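So the chains spell out like this:
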Amino acid sequence: MSSPPSRPSRHGLIGRHVRAEAAVPNDAPTTRTLHGGVVTTTPTAATRAITPGGVKGAGFFDRMFHDLPPFEASDDDLAALADAMKDPDPTDPALDNPHVPAGFTYLGQFVDHDISLDLMPLSGKVEDPTMIENFRTPGLDLDCLYGAGPGPHRFLFRQDGPKFLIGTAAASPGPGGSQIPALPNDLERTRHGVPLIGDHRNDENLVVAQTHLAFLKFHNKVVDHLAAQGTPAPALFDAAATQVRWHYQWLVLHDFVERITQPGIVASILQSGRKFYRFKTVPFMPVEFAGAAYRLGHSMVREEYSYNRAFRPFEPRLFAGSLEQLFRFSSLSGEINGQLPGGSDTLPSNWVIDWRRWFDFDTPASTPHFEFNHARKFDPFLTTTLHTLPGFNGGREANLAFRNLRRGVQLGLPSGQDVAAEMKKLVPSITVLTPAEIATGPDGAVAQQKGFDQATPLWYYILKEAQVRGQGERLGPVGARLVAEVFVGLVQGDKDSYLSQPGWTPTLPAKTPGTFTMTDLLRFVGEISPIDGITTVP
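The shown structure was predicted, so the numbers you read here are calculated from the model rather than taken from an experiment.

A. Representation of the overall build of the protein chain within the structure. Summing up its helical and strand segments, the protein chain has 17 helices and 12 strands in all. Taking all 538 residues of the protein chain together, 57% fall into the buried category. Sequence-distant contacts in the protein chain: of pairs separated by 6 or more residues, those separated by 24 or more amount to 73%. Total accessible area computed for the protein chain in this model is approximately 20,200 Å², and 55% of it derives from carbon and sulfur atoms.

Here it is, written out as structure tokens:
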């Protein structure tokens, strides 16, 4: 396969989901051949509207709702709606989500990179999304971390055992003329700053890079933990990787998915079964998920963060922790390539993360020089920087909201109303948003003007539903069900997941034994805020 053409921006929060090509005329036939049989786009009973499984298997994208007609709109109308989807005041705390710490924004991106990788460029309408290849296994198996393992990808691991290589963040200035020493808190890198990791996208911004580093260190700590319990050296890697994957799968389902969807939905789906994300043998990556539902993270992004005590909103500090800086101090999107001041090819130690600001460790608000970061609410608004992406010379192409809306049209995604109505046939509690609900707010007024209150782009519908039905704190019924079913299905479809062992619960140390959260993982790693010398918290 030839190398994909370069793209103007390499931000993981921007261009990752589904990039495809192959134009098709608007009057293309409404039938297509699958497995030698013909599937029409005429809406029928709910059971026929649900795909029985990934036609091409785990290596490809596919549809959950085969028979729903595609939503169509002009680029001009989509651009008008996209322009209205700007956060009216990125500093307004009323638009913060009090129940979702900002670290989950970037954990969500890390998970995204674990379950899908599409190398097709962004261009015209997609003739058949089922032919888009997914270069990641659609499962929570951490192939973005482990690659192909210590055999084929030996460059990821130390020579003296089954542990990952860890890089060093170079000594650097701190606030008030202080000096922060070199710290073992960067990705291992080449002399040009290129990280030695299983997925290059995990150095697209600084927070996802530090998240990847936390999982590397988590594996290394599990190796030590198992060795101390007597696990033989030849079995350490496989035993550690299994424990890491199972605890990761647990925290994704129970700490991440439950947090952003609806309480109890994971247990309900595990007990009652998936109704919409169905497959015969192995999971596939649904375009409704990748092209719409899981793009929820874009609305969670803040314009500025309290990153650590050096980069925070208030004095004393070095600078503000802006979104732009988080991309600058990376290799793939930024300048860790010998071009930083002083020719750095590694992360400066003053950019090592303070996790207390990103996940909730119950840190007292009165802690000196401390501010906690909440994610922004789930709503149709994206922060200013995401409306003016670098590398596009302005215009609609630089607007992430427009790019997402247009991608939905290119993929032939159905309208939000059609998806909700189809889901209601099997889940009667789901109700379709009314035109009046779609039309709320200044963004809704534009949607109404363009007729989108009657037929709404699926991505926008899911965000609007979260705002109207979930008060911006959780996804609404349609978005929550789509996201939760896909994640549960990805774990159920993995024969080696923790669900393959009935009754298994997490075994590693946790604040609440038998559970496992992201804060438990960071406590286990033992590096809560390295630049402050804080290894653990109660």
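Moving on from the model shown.
B. Local environment of the packing of helix α3 (residues 75-83) against helix α11 (residues 400-410). Viewed as axis vectors pointing N to C, α3 and α11 meet at an angle of 140°, and their least axial separation amounts to 8 Å. Between α3 and α11, the interaxial angle falls into the category oblique. The two elements α3 and α11 cross, and the hand of that crossing is right-handed. For the pair α3 and α11, contact is made by D75, L78, A79, L81 and A82 and by A401, F402, L405, R406 and V409, respectively. Here the residues of the contact of α3 with α11 sort into 8 nonpolar, no polar and 2 charged.

C. Examining the pattern of salt bridges more closely. Within the structure shown, the criterion is met by 30 salt bridges. Connected via shared salt-bridge partners are R309, R312, D354, R356, R357, E371 and D532.

D. Structural detail: the environment of F487. In this structure, F487 sits in helix α16 (residues 477-492). Overall, F487 belongs to the buried group, its relative accessible area being 0%. For F487, the contacting residues outside a window of four places in its chain are V111, I115, L140, V252, L253, V257, F289 and Y294.

E. Structural context of helix α7 (residues 236-260). The end-to-end C-alpha separation of α7 is 35 Å, in line with the 36 Å expected for 25 residues at 1.5 Å each. Remark: the principal bend of α7, roughly 30°, maps to V252.

F. Focus on the environment of F276. With respect to the helices, strands and loops of the structure, F276 is situated in the loop between α8 (265-272) and β9 (285-286). Along the sequence, F276 and R481 sit 205 residues apart, while their C-alpha atoms lie 8.8 Å from each other.

G. Examining the nonpolar core more closely. Among the nonpolar cores identified, the biggest contains 139 residues, and F218, W358 and F487 are the most heavily contacted of them. For this core, the element with the highest residue contribution is α7, accounting for 14 residues. Beyond its immediate sequence surroundings of up to four residues, F218 is in contact with V244, H247, L508, F516, L521, F524 and V525.

H. Seen up close, the packing of helix α6 (residues 206-228) against helix α17 (residues 518-525). Between α6 and α17, the shortest axis-to-axis distance is 9 Å and the interhelical angle comes to 60°. Judged by the twist between their axes, the crossing of α6 over α17 is left-handed. Listed contacts from α17 to A214, F215, K217, F218, K221, V222 and H225 of α6 are M518, L521, L522, F524 and V525. Its residues placed into classes, the contact of α6 with α17 shows 9 nonpolar, 1 polar and 2 charged.

I. Quick look at the packing of aromatic side chains. Scanning the entire structure with this criterion turns up 32 aromatic pairs. With 5.8 Å between their ring centres and 40° between their planes, W355 and F359 make a pair best called tilted. Classification of F359 as buried rests on a relative accessible area of 1%. Three or more aromatic residues joined by ring pairs make a cluster, and in this case those are Y106, Y305, Y307, F311, F319, F329, W351 and W358. The ring of F402 has R396 lying over it, and the distance from NZ or CZ to the ring centre is 5.5 Å.

J. Focus on unusual backbone geometry. Following E315, the chain continues into P316 via a peptide bond in cis, with omega recorded as -5°. Of note in the backbone geometry, L142 takes a positive phi value of approximately 60° without being a glycine. Among the structural elements, L142 can be located in the loop between α4 (103-115) and α5 (143-146). On the accessibility criterion, L142 (0% relative accessible area) is buried.

K. Focus on the confidence of the model for the protein chain. Across the protein chain, the average pLDDT comes to 87, with 84% of residues at or above 70. Note on residues 131-135: pLDDT under 50 across the span, and 27 contacts to partners over four residues away in sequence or across chains.

L. Structural detail: the environment of A82. In this fold, A82 is placed in helix α3. Using a relative accessible area of 0% as the deciding quantity, one classes A82 as buried.

M. Spatial organisation of the side chain of N350. With respect to the secondary-structure elements, N350 resides in the loop between α10 (323-328) and β12 (374-376). What makes N350 buried here is its relative accessible area of 6%. Those residues in contact with N350 that lie beyond four places of it in its chain are S172, P173, I180, N308, A310, F311 and L318.

N. Region of the structure containing the side chain of D141. With respect to the secondary-structure elements, D141 resides in the loop between α4 and α5. Among buried Asp, Glu, Lys and Arg side chains, D141 stands out as unpaired, with R245 the closest opposite charge at 5.8 Å.

The rules behind the values
Residues numbered from 1 in each chain as written. Predicted model: local features only at pLDDT ≥ 70, side-chain atom pairs only at ≥ 80, totals over all residues. Heavy atoms only, no water. Helix = DSSP H or I, 4+ residues; strand = E, 2+ residues; numbered from the N terminus. Buried < 20%, exposed > 50% of the residue type's maximum accessible area, 1.4 Å probe, protein only. Contact = heavy atoms within 4.5 Å. Areas by Shrake-Rupley, 256 points an atom, 1.4 Å probe, with all protein chains shown as cover. Axes fitted to C-alpha atoms, helices over the stretch in contact; angles between N-to-C directions. Parallel < 35°, antiparallel > 145°, perpendicular 65-115°, else oblique. Left-handed = near helix turned anticlockwise from the far one by under 90°. Nonpolar A, V, L, I, M, F, W, Y, C, P; charged D, E, K, R; others polar. Salt bridge = Lys/Arg side-chain N within 4 Å of Asp/Glu carboxyl O. Expected span 1.5 Å × (residues − 1). Bend = angle between axes of the 7 residues up to and from the residue. Core = buried A, V, L, I, M, F, W, Y, C linked by side-chain atoms within 4.5 Å. Phe/Tyr/Trp six-rings, centres within 6.5 Å; stacked < 30°, edge-to-face > 60°. Lys NZ or Arg CZ within 6 Å of the ring centre and 35° of its normal. pLDDT = per-residue confidence, 0-100. Lys, Arg positive; Asp, Glu negative; His and termini not counted.

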